[in-house]
Amino acid sequence: MHTAKIDLTLEPTGRHLAFSKELLDVAHVFRRVGGEASPWQRMAVNARSPFLDTDTFAPGTLLEYYVQHETQQGEPEARSNVVSTTVA
């Protein structure tokens, strides 16, 4: 499985995630709130890039994201590195 590209940019409206996606790839966005003790949650199924997370969190909250690519048949194809930010 290869590594997919992901970029996290902070915007006034939320966290902007831009990721690579081939035309027929299925991309799922995952988020973890609060660090390693917390579970990953799938936020979006077959997401488009860019994806904007507008959920609000308390200042100091650690947010982490990754994107999982699958084939049209549901087979894992690629996964991005984890990107993170702390809410200001």
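For clarity, every value in this text was computed on a predicted model and none was experimentally measured.

With respect to the pairing of strand E2 (residues 6–11)
Sheet analysis places E2 next to strand E3 (residues 14–19), joined by 6 bridges and oriented antiparallel. Among the inter-strand pairings, isoleucine 6 is bridged to a residue of E3, identified as phenylalanine 19. Counting the residues in the hairpin turn of E2 and E3 gives 2 residues.

What about the packing of aromatic side chains?
Applying the stated criterion across every chain, the model contains 2 aromatic pairs. Aromatic side chains phenylalanine 30 and tyrosine 66 sit 4.8 Å apart centroid to centroid with 5° between the ring planes, which places their arrangement in the stacked category. Here phenylalanine 30, found in strand E4 (residues 26–33), pairs with tyrosine 66, found in strand E7 (residues 62–70); they are 36 residues apart in sequence, far enough to count as distant. By the burial criterion, phenylalanine 30 is buried, and tyrosine 66 matches it. Centroid distance tryptophan 40 to tyrosine 66: 4.8 Å. Interplanar angle 80°. Geometry classified as edge-to-face. Placement of the pair is tryptophan 40 in the loop between E4 and strand E5 (41–44) and tyrosine 66 in strand E7, with a sequence separation of 26 residues.

Quick word on the layout of surface pockets
Roughly 160 Å³ of volume is contained in the largest pocket. Lining the largest pocket are 14 residues, with Leu10, Glu11, Gly14, Arg15 and Val87 positioned closest to its centre. Elements that contribute at least two residues to the lining of the largest pocket include exactly E2, E3 and strand E9 (83–86). The residue makeup of the lining of the largest pocket, split by class, is 4 nonpolar, 6 polar and 4 charged.

Quick notes on the sheet that holds E3
The sheet built from 3 strands is open, its strands ordered E2-E3-E6 with antiparallel pairing. For this open sheet the edge positions go to E2 and strand E6 (51–53), each flanked by a neighbour on one side alone. The mean angle between the axes of side-by-side strands here comes to 25°, regardless of whether they run parallel or antiparallel.

Observations regarding the confidence of the model for the protein chain
With 97% of its residues at a pLDDT of 70 or more, the protein chain has an overall mean of 92. Element-level pLDDT for the protein chain is lowest in strand E1 (residues 2–4), with a mean of 79, against a maximum mean of 97 in E6.

Parameters and conventions
Residues numbered from 1 in each chain as written. Predicted model: local features only at pLDDT ≥ 70, side-chain atom pairs only at ≥ 80, totals over all residues. Heavy atoms only, no water. Pairing = 2+ DSSP bridges. Helix = DSSP H or I, 4+ residues; strand = E, 2+ residues; numbered from the N terminus. Phe/Tyr/Trp six-rings, centres within 6.5 Å; stacked < 30°, edge-to-face > 60°. Buried < 20%, exposed > 50% of the residue type's maximum accessible area, 1.4 Å probe, protein only. 1 Å grid on protein atoms, 1.4 Å probe; cavity = no way out; pocket = protein on both sides within 12 Å on 5 of 7 lines; lining within 4 Å. Points joined across faces, edges and corners; volume = space filled by probe spheres on them. Nonpolar A, V, L, I, M, F, W, Y, C, P; charged D, E, K, R; others polar. Axes fitted to C-alpha atoms, helices over the stretch in contact; angles between N-to-C directions. pLDDT = per-residue confidence, 0-100.

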